[in-house]
Amino acid sequence: MKLPVIKHLVEFIAQNDQDYVLETIETLEALTEVPSLKDEELDVIGELISNMYGAIEVDKLIKEGADRKEALNSFMQRVLGSIDKS
C-alpha cells in the first residue's frame, strides 16, 4: 500500500463519492479474471485494489469522527501491524 495514493483517493472520495471507488474496484476485480494477464499486471491491479480498499477504510474512520491525519495514521499502523504478524 502506498500512503500518497491512499491520501489522494481519500481526497477524491471527499470531493466526489465513495461509489466511484467501489465501482472501480469491481471493474479491476473483473479484469483479474482475464487469462492472458501476466503476473506483473496482476500485481499492479492488486496494488490498486488494496489502495482503494485502504482509502475506503480511511474514509470510514473520518466519517466516524477521526480527523484525516489521525485516520491515515491509524490505518497504516493496522496495516503495518498485520504485516509484522505474518
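Parameters at a glance
Residues numbered from 1 in each chain as written. Predicted model: local features only at pLDDT ≥ 70, side-chain atom pairs only at ≥ 80, totals over all residues. Heavy atoms only, no water. Helix = DSSP H or I, 4+ residues; strand = E, 2+ residues; numbered from the N terminus. Contact = heavy atoms within 4.5 Å. Axes fitted to C-alpha atoms, helices over the stretch in contact; angles between N-to-C directions. Parallel < 35°, antiparallel > 145°, perpendicular 65-115°, else oblique. Left-handed = near helix turned anticlockwise from the far one by under 90°. Nonpolar A, V, L, I, M, F, W, Y, C, P; charged D, E, K, R; others polar. Patch = residues over 30% accessible without salt bridge, like charges linked within 9 Å, V, L, I, M, F, W, Y side chains within 5 Å. Areas by Shrake-Rupley, 256 points an atom, 1.4 Å probe, with all protein chains shown as cover. Salt bridge = Lys/Arg side-chain N within 4 Å of Asp/Glu carboxyl O. Lys, Arg positive; Asp, Glu negative; His and termini not counted. Charge placed at Lys NZ, Arg CZ, Asp CG, Glu CD. Buried < 20%, exposed > 50% of the residue type's maximum accessible area, 1.4 Å probe, protein only. pLDDT = per-residue confidence, 0-100. Expected span 1.5 Å × (residues − 1).

1. Some thoughts on the side chain of Asp59
(1) Moving on: Examined against the element boundaries, Asp59 turns out to sit in helix H3 (residues 39-63).
(2) Moving on: Excluding its chain neighbours within four sequence positions, the residues that come into contact with Asp59 are Ile13 and Gln18.

2. Let's talk about the packing of helix H1 (residues 3-15) against H3
Packed helices, taken two at a time, are described by the angle between their axes plus the distance between the axes.
(1) Moving on: The contact between H1 and H3 brings their axes to 8 Å, and the two run at 55°. As judged from the angle between their axes, H1 and H3 are oblique. Between H1 and H3 lies a crossing whose hand is right-handed. Counting all contacts with H1, which are made through Val5, Ile6, Leu9, Val10 and Ile13, the residues of H3 involved are Asn51, Met52, Gly54, Ala55, Ile56, Val58, Asp59 and Ile62.
(2) Moving on: Here the contact of H1 with H3 is composed, by residue class, of 10 nonpolar, 2 polar and 1 charged.

3. Observations concerning a negative patch on the surface
(1) Moving on: Taken together, the side chains of Asp17, Asp19, Glu23, Glu26, Glu29 and Glu33 present a region of like negative charge at the surface.
(2) Moving on: In this structure, Glu26 sits in helix H2 (residues 18-31).
(3) Moving on: The class for Glu26 is exposed, based on a relative accessible area of 55%.

4. Here we look at the confidence of the model for the chain
(1) Moving on: Per-residue pLDDT for the chain averages 93, and the proportion of residues at 70 or more is 94%.
(2) Moving on: When pLDDT is averaged over each helix and strand of the chain, the minimum, 84, is found for helix H4 (residues 68-84) and the maximum, 98, for H2.

5. Side note on H3
(1) Moving on: Over its 25 residues, H3 runs 36 Å from end to end, which matches the ideal 36 Å to within 8%, given 1.5 Å per residue.
(2) Moving on: Regarding H3, the residues found buried are Ile45, Ile49, Asn51, Met52, Gly54, Ala55, Ile56, Val58, Asp59 and Leu61.
(3) Moving on: Phi turns positive one or two residues past the end of H3, at Gly65, with a value near 120°.

6. What to know about the pattern of salt bridges
(1) Moving on: Summed over the entire model, instances satisfying the criterion amount to 2 salt bridges.
(2) Moving on: Between Arg78 and Glu57 there is a salt bridge, with its nearest N and O atoms 3.9 Å apart. With Arg78 in helix H4 and Glu57 in helix H3, this pair connects stretches of sequence that are 21 residues apart.
(3) Moving on: Of the residues examined, Arg78 reaches a relative accessible area of 45% and is grouped as partly exposed.

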